[in-house]
2 protein chains.
Amino acid sequence: METITIAVDAIGGDHGPPVVVPAALHVLAAYPGLNLILVGDRDILLKELQGCQAAENSRLCIHHASERVEMNESPAQALRTKKDSSMRVAINLVKKGLANACVSAGNTGALMATARFVLKTLPGIDRPAIISTFPTMKGQKNMRMLDLGANVDTRAEHLFQFAVMGSVMASAVDNIQTPRVCLLNIGEEDIKGNEQVKETAVLLSRASFINYQGYIEGDQIYNGDADVIVCDGFVGNVALKTSEGVAIFIRKLIQEAFEQSFFTKLAALVALPVLKSLIKRIDPNRYNGASFIGLQGIVIKSHGGAKVKAFAHAIEEAIMQVEKNIPERICKEVEQVLRLSSQQKNSDE
Amino acid sequence: METITIAVDAIGGDHGPPVVVPAALHVLAAYPGLNLILVGDRDILLKELQGCQAAENSRLCIHHASERVEMNESPAQALRTKKDSSMRVAINLVKKGLANACVSAGNTGALMATARFVLKTLPGIDRPAIISTFPTMKGQKNMRMLDLGANVDTRAEHLFQFAVMGSVMASAVDNIQTPRVCLLNIGEEDIKGNEQVKETAVLLSRASFINYQGYIEGDQIYNGDADVIVCDGFVGNVALKTSEGVAIFIRKLIQEAFEQSFFTKLAALVALPVLKSLIKRIDPNRYNGASFIGLQGIVIKSHGGAKVKAFAHAIEEAIMQVEKNIPERICKEVEQVLRLSSQQKNSDE
């Protein structure tokens, strides 16, 4: 691959440098054409690197940033007062063209507000959204869902834009010619749902350039019948986090079930390899690395509590998006889709 | 137990009589003081009963109803045109005092609209809600969540009323002195969330008679830290159904994992009893039987796709609520809470 440079917010997230630095070194070793810029307090990062005995890597550099956005800080306050935060500086590097993408496990609201302020949205997009892939029951086929929490109190036209972006992303990245787009609702029938969803359904039904397949319910998210699922950020975030909660719960039940008696412990011993691969498959960390879509630049949001492997996965997601030139492809296609949409609107009138 | 009579909508749901009739007979056999009224087309029900060879049970009777509310029928249309539907007639029996409760697996929207129209809400309650119990990671401790889909586009005062009802239900049924009430949100910090949730948080913080514990996120639903979780019906329904979807997905993964090779099949053989009990524990049907809370009468909503065991569980939920005299207790406590609330409001002013 050609040389790719990624700016990593090394201070953000629940764990900070002890997770970010090993993850960065891990990915660096796997990708020979990769340069990483660790953004954060120089002294802390140097110390962490010395602990990892890898300070000499010529493809790794530190970019000092004196401040840190706290996980519970208000986005507005972070934007106004933390101009030298690791998060802000990492995004600035993308804006200046010094990095092809940035990755942060920091405060989601602040990351979104800062990315939007610094990078701006793509033409025709009012609000960026958070999009991520979900596993499905159909083998290796994944599904993409948005918005996962960037926006609340979304209007129908925003959900419509999310549908356009999600469809473009699925076709550009997953090579699906006409991705099947569904709207998350609480019933499949047309009569159900709230006002926001009903209005969006009308907009999507009219848009011939989107392969709109109608409503989908929560229990169908994982059945593989949709390539893209669109919803409000509040609802999407609840669906995502509830899924994590259930997976963690069931993992605990599996472990408990096999620890009950001598016999079950014996069964566990025999079933261990199967159970390990199973528990790995239902690990929420496996799908870490959500993208902020709709911005003029690549910003990957790692889960705040991500461990080393999960954070490394988020960096790899950034590499993939740079390699596939996602923002430009999205920009081009969104422009075209919006032009088609306005032509259709004019011909309807 | 004293004699309890329950009206069962025998036609509603995805399966109708072939599920409802065996479930009714099963519960009847287990509860000697129970009378059941099967409501629906007499001929169909007699035929189904003959197939079950149990038509002679003196505690079982059929109440004829000539119509059926379809699963995709609009609630307004069902209410206006299906006055002799099995659903409507079953609710009428409760209204007339001929049954202590009714159970239906029919169209949720129509059941809610009909129950609300026929039975009316309790004083001080604007909208009924759907409440159900969820398992938690804390042993046998369950949690109650509402609203699970009776209302969309809810306002803060409705969510506040849901909190009051949920709290009363948890204290009356689960014998928890001061149930911990949480609001489902997309972040624990005060700055996050949509307008509806933020306004509700203000109302709940002011209400000294509710043990309000703040926000809770989707991944914490199952951790046992809340006794009652309050949310909008759209969000609650997505959380409930997404949980079912994940459970079904993981169940499939477990089965697949143990079927991959000769060795894993052998492991499955050894682990079979553990796996069976595990799969049973993550069966969504296990917690079937949601209540419509806030009505002047007991109405239990079974999952539309419930099988025999799950539908029987919904009937048992109705028996429990009759035995515990839930609506009266709720009515009394809601009145008191609302009186306290208005006193507090006056003293604040």
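A. Focus on the pattern of salt bridges. Using the criterion set out here, one finds 16 salt bridges over all chains in the structure. Residue Lys241(B) pairs with Glu217(A) through a salt bridge whose shortest N-O separation is 2.3 Å. A residue pair is termed interchain when its members come from two chains, as with Lys241(B) in helix H8 (residues 233-257) and Glu217(A) in the loop between strand S8 (211-216) and strand S9 (228-230). In terms of burial, Lys241(B) and Glu217(A) fall into one category: buried. Here the residues in one salt-bridge network are Lys141(A), Arg180(A) and Asp227(A), joined through shared partners.

B. Region of the structure containing the nonpolar core. If you look at the biggest cluster of nonpolar residues, it comprises 173 residues, and the most contacted ones within it are Met145(A), Leu184(A), Val230(A), Met145(B), Leu184(B) and Val230(B). With residues up to four places along the chain from it excluded, the contact list for Leu184(A) reads Met145(A), Val197(A), Ile216(A), Glu217(A), Gly218(A), Ile221(A), Ile229(A), Val230(A), Cys231(A), Val235(A), Phe234(B) and Val238(B).

C. Representation of the relation of the copies chain B and chain A within the structure. Superposition record for chain B on chain A: RMSD 0.0 Å, screw rotation 180°, translation along axis 0.0 Å. As the rotation angle and translation indicate, the two copies are arranged about a two-fold axis. Here 100% of the contact residues of chain B are again contact residues in chain A; the copies associate through an equivalent surface.

D. Local environment of unusual backbone geometry. Geometrically, the link from Leu146(A) to Asp147(A) is a cis peptide bond, its omega value of 5° lying close to zero. Secondary-structure assignment places Asp147(A) in the loop between strand S6 (142-146) and helix H6 (156-174). At Asn175(A), a position not held by glycine, the phi torsion is positive, near 55°. Looking at the secondary structure, you find Asn175(A) in the loop between H6 and strand S7 (180-184). Despite not being glycine, Asp153(B) shows a phi value in the positive range, around 55°.

E. Structural context of helix H10 (residues 308-323) of chain A. All names here are of chain A. Helix length check: H10 (16 residues) gives 23 Å between terminal C-alpha atoms against 22 Å at 1.5 Å per residue, within 8%. By the burial criterion, the buried members of H10 are Ala310, Phe311, Ala312, Ala314, Ile315, Glu317, Ala318, Ile319, Gln321 and Val322. Looking one or two residues beyond H10, the residue adopting positive phi is Asn325, at roughly 60°.

Basis of the calculations
- Residues numbered from 1 in each chain as written.
- Chains lettered and ligands numbered in written order.
- Predicted model: local features only at pLDDT ≥ 70, side-chain atom pairs only at ≥ 80, totals over all residues.
- Heavy atoms only, no water.
- Salt bridge = Lys/Arg side-chain N within 4 Å of Asp/Glu carboxyl O.
- Helix = DSSP H or I, 4+ residues; strand = E, 2+ residues; numbered from the N terminus.
- Buried < 20%, exposed > 50% of the residue type's maximum accessible area, 1.4 Å probe, protein only.
- Core = buried A, V, L, I, M, F, W, Y, C linked by side-chain atoms within 4.5 Å.
- Contact = heavy atoms within 4.5 Å.
- Least-squares fit on C-alpha atoms with pLDDT ≥ 70 in both.
- Expected span 1.5 Å × (residues − 1).

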